[in-house]
Amino acid sequence: TAISLGMMSASMFQTTPVSKGYSCGIHVQPTYRKMSSPFKKKTFQRGACKGPNLRCVSSSAGAAGQQPGGPESELAGLPGWADVEWLAPLDRFAPDETETNAAGDSAADGGGVVDLDAPPPTANMNTIPLFPLGSQPYLPNSEQVLNIFEPRYRALYDNILMNGSRRFAVPLVRPVDDDILSGGGGLQLAVTCPVFYLETLKEVSEQTNDSVKYVCVHKVLDRRVKLKRVLNPSRWFDRSSYLVAEYEECEDTDDDVDTSEEEARVMALWNEVHSLQSKSEEEVRLAEGVVGSDVSMSRGGDMGSLWRSLSIWYELVTQRCSRKQSAMEARIQEILRNHFIGGGEGVPSSVAFADLPESVKTEIMRIQEEFKDEVPDEITNLVTSFSWMATHDSHAGRLGVFETVLESERKRLAARASLKALFEK
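Keep in mind that what you see is a predicted model, and the values were worked out from it rather than measured.

**Q** I would appreciate a short explanation of the overall build of the chain in the present structure.
**A** Across its full length, the chain carries seven helices and 13 strands. Evaluated residue by residue, the chain yields a buried proportion of 50% over its 425 residues. In the chain, 76% of the contacts between residues at least 6 apart in sequence involve partners at least 24 apart. Here the chain displays about 19,900 Å² of accessible surface, and carbon together with sulfur accounts for 51% of that area.

Okay, here's the thing in structure tokens:
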């Protein structure tokens, strides 16, 4: 058994892999402090933090983005989870509209075998396969790598390759009460969602003993879609197939509105935050090159657009929170190491938290409280605001929310600089 330290669940860190072109936008300050601990520095992992001598398994409580209804932003001016537009909860008893006959053949886009003797019911619909991937936002022009192992999603990839579409939609999800007697769905999908385009696929069945079928690299297209309804919601519950939805194209409602003034204001705030981060020598900060012509707040999905700026910022905050978590874990492991070695004992492979002395437990809980006072709200604000921006149909609206995010960072850095100056004086 592993030691359980009651940490915030690692799943609260909704890390989004971003384009290799984006990763150069973040500077991570190296740590030069000499570590006397024998434990190796750990990279962020989902679900557990592991070391060669101790393994700290996170508790399941308090994971942002996992509570019923989803997280709500704590920062004034930011939209919450409830501000995202959602479809009705999935209905486990609804009929499968992708079926063409009693045998259950399917004719949806990428949806299976087509009955050639009868026109499919989805023939006059725009349909697209769905691959729900949780509550983290995926932004246009980012690169996403997925390991495919579940049978229904193996079938999805087989079908999108066979029909040549090579694409599927990835809706945000949030859990809802699942009342089986009333036909409750237990899950809601966001109306507006990004589209993944499959660029490369590698079959790795032999290397993984068939635990993973494909390793797939995707580009998130600039194009987004709006889901009208799910055609086979019951398949979510019996896992016999992937979901298929009817959709329409999503276009910004303010394409003809001049937003140059708002873009210039947000760009100026970005540059100010960049300067403050550099002066304060933040451990994780914007790199020197992400100013001027390299970054803009303009429309579109190209590399110099608002979407790119949002991707850089999302990576920055997740890197910062990951680094804080790693620092917390290193402090806790150092306390445990000193306790056992100082008492003349060897470091065990595991220990029950209840068996530790009260002084050690108190110190560990104090460190955890410091972490919980700061990081969860930062992650919640990030996930909720970026989920809203990823699904919103107004460029001006996205600019307004991002301006609030940057202004909050500017105030944090200004307060830190004032405090530092006070102590130096």
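**Q** For this particular structure, what's the right way to read the pattern of salt bridges?
**A** Side chains bearing opposite charge may pair, as long as their charged atoms lie close to each other. Tallied over the entire structure, the rule returns 30 salt bridges. Close ionic contact of Glu282 with Arg416 constitutes a salt bridge, the shortest N to O distance being 2.0 Å. Residue Glu282 is located in the loop between α4 (260-279) and β13 (284-286), and its partner Arg416 is located in helix α7 (residues 395-424); the two are separated by 134 residues in the primary sequence. On the basis of relative accessibility, which here comes to 3%, the residue Glu282 falls in the buried class. According to the relative accessible area criterion, Arg416 is partly exposed, its value standing at 42%. Glu283 serves as the salt-bridge partner of Arg323, at 3.1 Å between the closest nitrogen and oxygen. With a gap of 40 residues between them, Arg323 in helix α5 (residues 306-342) and Glu283 in the loop between α4 and β13 connect regions that are remote in the sequence.

About the thresholds
Residues numbered from 1 in each chain as written. Predicted model: local features only at pLDDT ≥ 70, side-chain atom pairs only at ≥ 80, totals over all residues. Heavy atoms only, no water. Helix = DSSP H or I, 4+ residues; strand = E, 2+ residues; numbered from the N terminus. Buried < 20%, exposed > 50% of the residue type's maximum accessible area, 1.4 Å probe, protein only. Contact = heavy atoms within 4.5 Å. Areas by Shrake-Rupley, 256 points an atom, 1.4 Å probe, with all protein chains shown as cover. Salt bridge = Lys/Arg side-chain N within 4 Å of Asp/Glu carboxyl O.

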